[in-house]
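A structural walkthrough
Here are the chains, one letter per residue:
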Amino acid sequence: MPKESYITASCVISGEAIFKNNKEIFKQEADNVESFLVAAYKNFNIDYPKYYKMDNLCKLGWLASEVLLTGSFPKNKYEPRDTGIILANKNSSLDTDIRYFETVKTIASPALFVYTLPNIVTGEICIRNNFKGENAFFIFEQFNPAFMQQYVQHLFDIEAVKAVICGWVEIVGSKYKTAMCLVETGANENNISFSVDNINHFYQITNG
């Protein structure tokens with residue numbers, strides 16, 4: 001029998017702004033994407049030095065997960081294996097692939113090479129939060145809420161997980177956007193059902 005599932009929190013980062021549950025909580029103009037991501041990280045008083053070593057795709061996704069979970073997800077709410085991460089984008093790790101290719105012309109950079117897979121961002125989020133449930137990273141031509149809803153709902157229905165972080169994490173050069181939601185089974189105070197329409201609603205909070 002299908003389980004009822006609900007969006008219990010959402011985070012969107014786009015256009016030099018960060019939104020939590022559809023409300024803007026941070027905005028700052030910056031010279032480039034990396035400067036914006038570092039400024040946002042400092043604004044939220046996060047203490048995780050490894051953040052500075054991540055590539056921009058990981059910084060973007062990891063920061064969104066921090067904003068998403070803070071105040072919304074008690075650390076000990078579920079066992080580690082009960083929380084999964086399902087993410088997607090269009091261009092895989094192309095942003096870092098291009099930068100890594102440039103280093104190959106002289107001395108290849110091991111620091112960049114380790115980020116030439118898109119699922120590294122899911123790994124960084126799992127390490128930070130000790131998540132050990134189902135995780136996957138898909139590549140689509142565009143944001144695909146129907147697939148996301150179906151895939152995540154199936155995980156709930158077969159009782160593989162009790163909570164899932166899912167969404168879109170995309171960056172190439174100066175163009176970027178991440179839209180993540182936390183989905184759990186059972187009713188919550190907002191009762192935002194995990195439907196295709198509601199996934200689209202939080203994704204479209206900005207035009208970025």
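Each residue is numbered by its place in its chain's sequence as written, counting from 1. Only residues with pLDDT of at least 70 get local features here, since the model is predicted, and only at 80 or more are side-chain atom pairs given and counted; chain-wide, interface and lining totals rely on the full set of residues. By convention in this description, side-chain values take in all heavy atoms of the structure and omit both hydrogens and water.

Remarks on the packing of aromatic side chains
When the centres of two rings from Phe, Tyr and Trp lie within 6.5 Å, Trp using its six-membered ring, the rings pair. Their planes under 30 degrees apart give stacked, over 60 give edge-to-face, and anything left gives tilted. Summed over all chains, the structure comprises 17 aromatic pairs. Residues Phe138 and Phe140 carry aromatic rings whose centres are separated by 6.2 Å and whose planes lie at 25° to one another, so their mutual orientation is stacked. Members of the aromatic cluster, connected to one another through ring pairs, are Tyr41, Tyr48, Tyr51, Tyr52 and Trp62. Whether a charge sits over a ring depends on NZ of Lys or CZ of Arg being within 6 Å of the ring centre and within 35 degrees of the ring normal. Lying over the aromatic face of Tyr51, Lys59 brings its terminal NZ or CZ to 5.8 Å of the ring centre. The aromatic ring of Tyr203 is capped on one face by Lys177, whose charged end is 4.1 Å from the ring centroid.

Considerations on the side chain of Glu66
Secondary structure elements follow DSSP: runs of H or I no shorter than four residues count as helices, runs of E no shorter than two count as strands, and numbering proceeds from the N terminus. Residue placement: Glu66 occurs in helix 2 (residues 56–69). Think of a polar contact as two N or O atoms within 3.5 Å of one another; within protein, one of them needs to be a possible hydrogen donor and the other a possible acceptor, and neighboring residues in sequence only count if both atoms come from side chains. Reaching out from Glu66, the side chain makes a polar contact with the side chain of Arg128 at a distance of 3.0 Å. Contacts were defined at the residue level, with two residues in contact if any of their heavy atoms lie within 4.5 Å. If we ignore the near neighbours within four places in the chain, the residues touching Glu66 are Ile46 and Arg128.

Quick word on helix 2
Structurally, the α-helix is built with 3.6 residues per turn, so residues lying three or four positions apart point the same way. A helix's residues, less one, multiplied by 1.5 Å, set its expected span. The terminal C-alpha atoms of helix 2, which comprises 14 residues, lie 20 Å apart, in line with the 20 Å expected from a rise of 1.5 Å per residue. When a residue's accessible area, from a 1.4 Å probe over protein chains only, is under 20% of the maximum for its type it is buried; when over 50% it is exposed; and in between it is partly exposed. With 14 of 14 residues buried, helix 2 lies mostly within the body of the structure. Downstream of helix 2 by a residue or two, Gly71 has a phi angle that is positive, lying close to 80°.

Quick notes on unusual backbone geometry
The phi dihedral of Asn22 is positive, around 75°, even though this residue is not glycine. Its place among the elements puts Asn22 in the loop between strand 2 (17–20) and strand 3 (23–27). Unusually for a residue other than glycine, Glu159 sits at a positive phi of about 60°. Looking at the secondary structure, you find Glu159 in the loop between helix 6 (145–157) and strand 6 (163–172). Of the residues examined, Glu159 reaches a relative accessible area of 58% and is grouped as exposed.

A short note on the environment of His154
Relative to the helices and strands, His154 resides in helix 6. Between the C-alpha atoms of His154 and Lys3, which are 151 residues apart in sequence, the distance is 9.1 Å.

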